[in-house]
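# Analysis of the macromolecular model
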Amino acid sequence: MSYKTDLPVMLPVKPRALEPFKSLKKRHILLIAFLTIVGPSLVFAQTGEFEKSPLAILLDWTPLLLSGFLFNLVISFGAMALGTLVGGLLGLGQVSLFAPTRASSWLVTQFFRNAPWLVLLFFAMFLLPFELNIFGFKLPLPDWFKAILGLSLPVMANVSEIVRGAVRSLPSGQWEAAESLAYTRRQTLWLIILPQCVKRMLPPWMNLYSILTMATVLASIVGVSEVMTLTGRALAAEGGRTDLLAPFYGLVLVLFFIYCYPIARFTVWLEHKFSVIN
Amino acid sequence: MTWSATSDPMVSIKNVYKSFGSLDVLNGVTLDVMKGDVICIIGPSGSGKSTLIRCINALNDIQSGSILVEGLEVNDPNLDKLELRKKVGMVFQQYNLFPHKTALQNIMMAPVRVLKQNKKTSEAAALELLKKVRLEGKENAYPGELSGGQQQRVAIARSLAMQPDVILFDEVTAALDPETVGEVLQTIKELAEDGMTCILVTHEMAFAREVADHIYFTDRGIIVEHGPPETFFKDAKDPRTREFLSQIL
Ligand SMILES: Nc1ncnc2c1ncn2[C@@H]1O[C@H](COP(=O)(O)OP(=O)(O)OP(=O)(O)O)[C@@H](O)[C@H]1O
Ligand SMILES: [Mg+2]
């Protein structure tokens, strides 16, 4: 069985020449917003078919859509936290000296890493009961919570690979130096190896978070009231006007972009910073 | 059987065999190191020098034979490796300092965490050691901020902080710039003069001649020839030793 990683991000960080980042300016953002929301609204507004302009309607619905987007963020936080916690343990399992632990952690990781996110989400949605019965206590399992569980599975698997890759990417000399100073394996891991890994894990971990955030819209397919679901409902409430599709979904796009883009930039900055220091 | 520091060798290697898969690396090595001795192991690349000394602190296991360190059998499945490694220090070619810790932390961490020594005492001892390796004022520097020679001296201090009975040095100057080799050799020489038992793998022949009590020449996993430096360098008998020395001197 091979434990080789296929995560390109985990290759040893190499210093590279500084290159100027392509940086988005305010005008770029305005341009994107215009193209996705305002532009289409204007085109349709000119046809003058309806009494209220698409932009005005969009403004009316914006607070609701924003609250839906917040819900997406809540799901992303929950799934990331849970996935990181369990995935961290799984990743440690993958570097365990005890072969059965190592092999089973590897298997679980590979299984969930190579499964479509949507399928995992469906499994969580439809296999989990709507409430849990724990020692007579009825614990309701709302849909959004199941969505968090479902999305945390692929996050878990990816975090597990990130941890394993980071641990494996440290030079073996670090282990040997620690061993020859009579540190126990556990001490070596917690005092010497993992602190050095955090730096290496941060960029891929944030990258994963970005991907997860964008994947939270999958929850709309299983009926969670997140931004996509609400957008659909808003459109239906407006009578399914086709001229509203572009501005409404455009707003959703812009919301995700505004949220995820800075994260991506920060990730690049971190990678850059660490590669210079190392 | 009790081990006695005065009459028994500190490290006693007997008939050790070691292979990596089908590659035989050590083919019956025997050597003894008495307390306070400095021995140098020299030999061509790939002859098993690193493997041999890594077996002494159980970084490598052996297939057969016996390695006794102060009476502790290394080739014993029930060996307490931590106990062994508290007795045996090691300094590596690549220094292997912990890059996320300062020089001072690198040195005092093991005494505090492994030996459970008091933090204040360990810190005082660590500062003393930094002084000994002539790095006063560098206690808060991170390894990345130190030169190779300085890092290697921190690594030596880190090893000394555990108060080992014997220290293994594996080509500790091989990765250094020529200008900094001297400062590290000087540090080792002072250790040797203080009576520390040292097992060195080195390519620095002049240094070996100066500090070693005994020189061992290895080739293809066996000790071909050994002797005190005066006789070893002057009248080596084996043709392989002669050839090696003629190339390197
Ligand atoms: N972990 C390992 N797995 C497989 N083969 C190894 C391993 N470590 C060393 N070897 C092989 O064992 C042989 C002896 O290696 P060793 O490092 O002991 O030689 P050396 O005398 O220290 O050489 P050098 O002077 O180049 O450091 C080499 O052929 C090497 O490739
Ligand atoms: Mg070597």
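Just above, that's the structure.
Model, not experiment: these values are computed from the prediction. (Residues numbered from 1 in each chain as written. Chains lettered and ligands numbered in written order. Predicted model: local features only at pLDDT ≥ 70, side-chain atom pairs only at ≥ 80, totals over all residues. Heavy atoms only, no water.)

### Section: the overall build of chain A
What chain A contains, in helices and strands, is nine helices and two strands. Tracing chain A from N to C terminus, the helices and strands come up as α-α-α-α-β-β-α-α-α-α-α. Per-residue burial over chain A gives 45% buried out of 278 residues. Considering only contacts within chain A whose residues lie at least 6 apart along the sequence, 76% involve residues at least 24 apart. (Helix = DSSP H or I, 4+ residues; strand = E, 2+ residues; numbered from the N terminus. Buried < 20%, exposed > 50% of the residue type's maximum accessible area, 1.4 Å probe, protein only. Contact = heavy atoms within 4.5 Å.)

### Details of the site of ligand 1
All names here are of chain B. Close contacts around ligand 1 come from 13 residues, with S45, G46, K49, S50 and T51 the closest. Interatomic distance of 2.7 Å between a side-chain N/O atom of K49 and an oxygen atom of ligand 1. Take E171: an N or O atom from its side chain is 3.1 Å from an oxygen atom of ligand 1. Compared with its free state, where it exposes 630 Å², ligand 1 has 58% of that area covered by protein. (Near = heavy atom within 4 Å. Polar contact = N/O pair within 3.5 Å; in protein donor to acceptor, adjacent residues only side chain to side chain. Areas by Shrake-Rupley, 256 points an atom, 1.4 Å probe, with all protein chains shown as cover.)

### Considerations on a nonpolar patch on the surface
Residue and element names in this part refer to chain A. On the surface, L132, I134, F135, F137 and L139 cluster together into a nonpolar patch covering about 570 Å² of accessible area. Of all the secondary structure elements, the ones that give two or more residues to the nonpolar patch are β1 (131–134) and β2 (137–140). Tracing the backbone shows L132 in strand β1. (Patch = residues over 30% accessible without salt bridge, like charges linked within 9 Å, V, L, I, M, F, W, Y side chains within 5 Å. Salt bridge = Lys/Arg side-chain N within 4 Å of Asp/Glu carboxyl O.)

### As for the interface of chain A and chain B
Residue-level contacts link 16 residues of chain A with 23 residues of chain B. Both sides of the chain A and chain B interface together cover about 1700 Å² of buried area, and 63% of this is carbon and sulfur. Among the ionic pairs, R85(B) bridges to E179(A), the shortest N-O distance being 3.4 Å. In this assembly, chain A and chain B are joined by seven residue pairs in polar contact (both at pLDDT 80 or more). Looking at the side of chain A that touches chain B, the elements that each hand over two or more residues are α6 (172–180) and α7 (185–215) of chain A. The leading source of residues in the side of chain A that touches chain B is α6(A), at seven residues. (Buried area = accessible area lost by both parts, 1.4 Å probe.)

### Comments concerning the sheet that holds strand β5 (residues 72–73) of chain B
Residues and elements named next belong to chain B. Ordered in space as β2-β1-β4-β5, the four strands form an open sheet in which the pairing is antiparallel. The sheet is open, and its two edges are formed by β2 (23–33) and β5, each paired on a single side. The pairing of strand β1 (residues 11–20) with strand β4 (residues 64–69) spans five bridges and is antiparallel. Bridge pairing in β4 places I13 opposite I67. Lying on the sheet, helix α1 (residues 49–56) is in contact with β1, β2 and β4; it crosses β2 at an angle near 60°. (Pairing = 2+ DSSP bridges. Axes fitted to C-alpha atoms, helices over the stretch in contact; angles between N-to-C directions.)

### A short note on the packing of helix α2 (residues 54–94) of chain A against helix α8 (residues 227–237) of chain A
All names here are of chain A. The geometry of α2 relative to α8 is characterised by a closest axis approach of 8 Å and an angle of 155° between their N-to-C directions. As judged from the angle between their axes, α2 and α8 are roughly antiparallel. Along the contact surface, α2 presents W61, L64, L65, S67, G68, F69 and N72, while α8 presents V227, L230, T231, A234 and A237. Looking at the contact of α2 with α8 residue by residue, the class counts come to eight nonpolar, four polar and no charged. (Parallel < 35°, antiparallel > 145°, perpendicular 65-115°, else oblique. Nonpolar A, V, L, I, M, F, W, Y, C, P; charged D, E, K, R; others polar.)

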